[in-house]
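Working through the structure, step by step
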Amino acid sequence: MNGAVSGPVGVGVIGAGVISTQYLDNLSRASDVSVHMIADLDLDRARARADEYDVAGAGSVDELLARDDIDIVLNLTIPAVHASVATSCVEAGKHVWTEKPFALDRVEGQRLLDLATERGLRVACAPDTVLGPGVQTARRLLEQGAIGEPVSALTMFQVSGPEAWHPSPEFLYARGGGPLFDMGPYYLTTLVQLLGPIARVDARGTRARTERIIGSGPKAGTRFPVEVPTNVAALYETVAGHVAQSTFSFESPRPRVGVVEITGTEGTLVLPDPNMFDGEITIWRAGMMPDDEPERHATTGHGMTRGLGVVELARAIRAGVPERASGELALHVLDIMQSTEESAASGAPIALVTTASPAAAMPEGFDPWGATL
């Protein structure tokens, strides 16, 4: 694609599971993209999802990759095959937007990124929550000096585990899952966007049980193995010298989710849940009393949720500029998570081998719904 091309960018979806509805709710209404086909190993499921969203094409992955009218593939497969499916897409000459994590380890992630670079293609990656009004407004406040000079950060995600509500949670406890790889991308991508790349991590992890039981759906009562740590506590040091404390847990009956706080020399900025695109932002000042109300800051921006990054990617490709949720950023976040896992296993700090710069800020007037192409 180049500047001479006009009209919506063609999109194909691989994976017709639960999360596909969140993307299709938005992409089916966005003017700058057009979903032409949905593929899945279960052809009946692909056809049903296509019919649900009035998408003409449905079928196999090979059929999707052979189509000339698809420029971007939306890769919504399970984490274990994210990199292999994305590689097939790149080999077929397609740009890719893949669900997180980017890959299961930094070696296959780097291999995918190198292949895309060699072919002149993009391999962008979730989460696109960092492009939403919540994180973008917080970023503007930080850049305006609203809390002085940032010093430290705190993030926290603690629940008892998704097997209580997810009908097929096994992949969330397999390699590439667990609270770190499942939820870490939201919190860690936010930290990198606000404080810059991570240089070093010192972490510890535990696994409370070797088996879990599915609590709902047709497989309720089924036991399955736990292959990864289910509670991870990490201390991160950024290249710029900030320190962040993070907890990722599937072991806590008391839920604490969405905690992202940046503390500076003049206050603490509290962000919305990084798994969401918007929400309340507050600032707490030194000397406040327990009954005092924090400063409340309204967020500004559009109302699109998942799929926002696909639209931004399509526009970036046409404009010939870097996409914001880039493969480089996703690889660095993957390196952070793998290094965290390695540090927890060894009990020793780990220096990261990758880096990434925060993406350019989103324009305040960015409209993902309108026709710009």
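Residues numbered from 1 in each chain as written. Predicted model: local features only at pLDDT ≥ 70, side-chain atom pairs only at ≥ 80, totals over all residues. Heavy atoms only, no water.

1. Some points on the overall build of the protein
Definition in use: Numbering of helices and strands runs from the N terminus, with a helix taken as a DSSP run of H or I at least four residues long and a strand as a DSSP run of E at least two residues long. Relative accessible area decides the class of each residue, using a 1.4 Å probe on protein chains only: under 20% of the type maximum gives buried, over 50% gives exposed, and in between gives partly exposed. Two residues form a contact once any of their heavy atoms are found within 4.5 Å.
Looking only at helices and strands, the protein features nine helices and 17 strands. If you line up the protein on its principal axes, its C-alpha atoms span 60 × 50 × 40 Å. Counting every position in the protein, which comprises 373 residues, the buried fraction comes to 55%. A fraction of 72% describes how many contacts in the protein between residues 6 or more apart in sequence connect residues 24 or more apart.

2. What to know about the sheet that holds strand β8 (residues 198-206)
For clarity, the cut-off: Pairing between strands requires that DSSP locate at least two bridges from one strand to the other. Here, axes are lines fitted to C-alpha atoms. For helices the fit covers the stretch in contact, and angles between N-to-C directions go from 0 to 180 degrees.
In space, the nine strands of this open sheet follow the order β16-β15-β14-β13-β7-β12-β11-β8-β17, with mixed pairing throughout. The sheet terminates laterally at β16 (295-297) and β17 (350-351), the two strands that pair on one side only. When strand β15 (residues 281-284) meets β16, the two strands line up antiparallel, connected through three bridges. Bridging from a neighbouring strand, Thr 282 pairs with Arg 296 of β16. Across the sheet, helix α9 (residues 327-346) is in contact with β8, β11 (231-238) and β17; its angle to β8 comes to roughly 45 degrees.

3. Digging into helix α6 (residues 133-143)
Of all 11 residues that make up α6, 10 are buried, and the element is covered over most of its length. All of the buried residues along α6 are Pro 133, Gly 134, Val 135, Gln 136, Thr 137, Ala 138, Arg 139, Arg 140, Leu 141 and Leu 142. Taken together, the buried residues of α6 touch β7 (150-158), α7 (178-195), β13 (256-264), β14 (267-270), β15 and β16. After α6 finishes, the residue Gly 145 shows a positive phi value of roughly 80 degrees.

4. So, the packing of aromatic side chains
For the record, the criterion: Only rings of Phe, Tyr and Trp enter the pairing, Trp through its six-membered ring, and a pair is recorded when the two centres are within 6.5 Å. The plane angle decides the type: under 30 degrees is stacked, over 60 is edge-to-face, the rest tilted. Charge-over-ring contacts are defined here by two conditions on Lys NZ or Arg CZ: a distance within 6 Å of the ring centre and an angle within 35 degrees of the ring normal.
Counted under the stated rule, the structure contains five aromatic pairs. Where Tyr 173 meets Phe 224, the ring centres are 5.3 Å apart and the plane angle is 55 degrees; that geometry is what we call tilted. On the criterion of sequence distance, the pair formed by Tyr 173 in the loop between β7 and α7 and Phe 224 in strand β10 (residues 223-225) is long-range, its members being 51 residues apart. On the accessibility criterion, Tyr 173 (0% relative accessible area) is buried. Since its relative accessible area comes to 3%, Phe 224 is described here as buried. Positioned above the aromatic ring of Phe 366 is the side chain of Arg 315, whose terminal nitrogen or guanidinium carbon lies 4.9 Å from the ring centre.

5. Regarding the environment of Arg 111
Tracing the backbone through its elements, the reader meets Arg 111 in helix α5 (residues 106-119). Note on Arg 111: relative accessible area 54%, which makes it exposed. When the C-alpha positions of Arg 111 and Leu 329 are compared, they lie 15 Å apart, and in sequence the two are 218 residues distant.

6. Re the environment of Gly 217
Summarising the element assignment, Gly 217 is placed in the loop between β9 (211-213) and β10. Note: C-alpha distance between Gly 217 and Ser 326 (109 residues apart in sequence) is 36 Å.

7. Structural notes on unusual backbone geometry
The phi torsion of most residues other than glycine is negative, and most of the peptide bonds are trans. The residue after Lys 100, namely Pro 101, is reached through a cis peptide bond having omega -5 degrees. By the secondary structure assignment, Pro 101 is in the loop between β5 (95-98) and α5. Omega for the bond connecting Ala 126 with Pro 127 falls within 30 degrees of zero, at 10 degrees, which places this linkage in the cis form. Mapping Pro 127 onto the fold places it in the loop between β6 (123-125) and α6. With a phi close to 55 degrees, Asp 54 is a non-glycine residue in the positive phi region.

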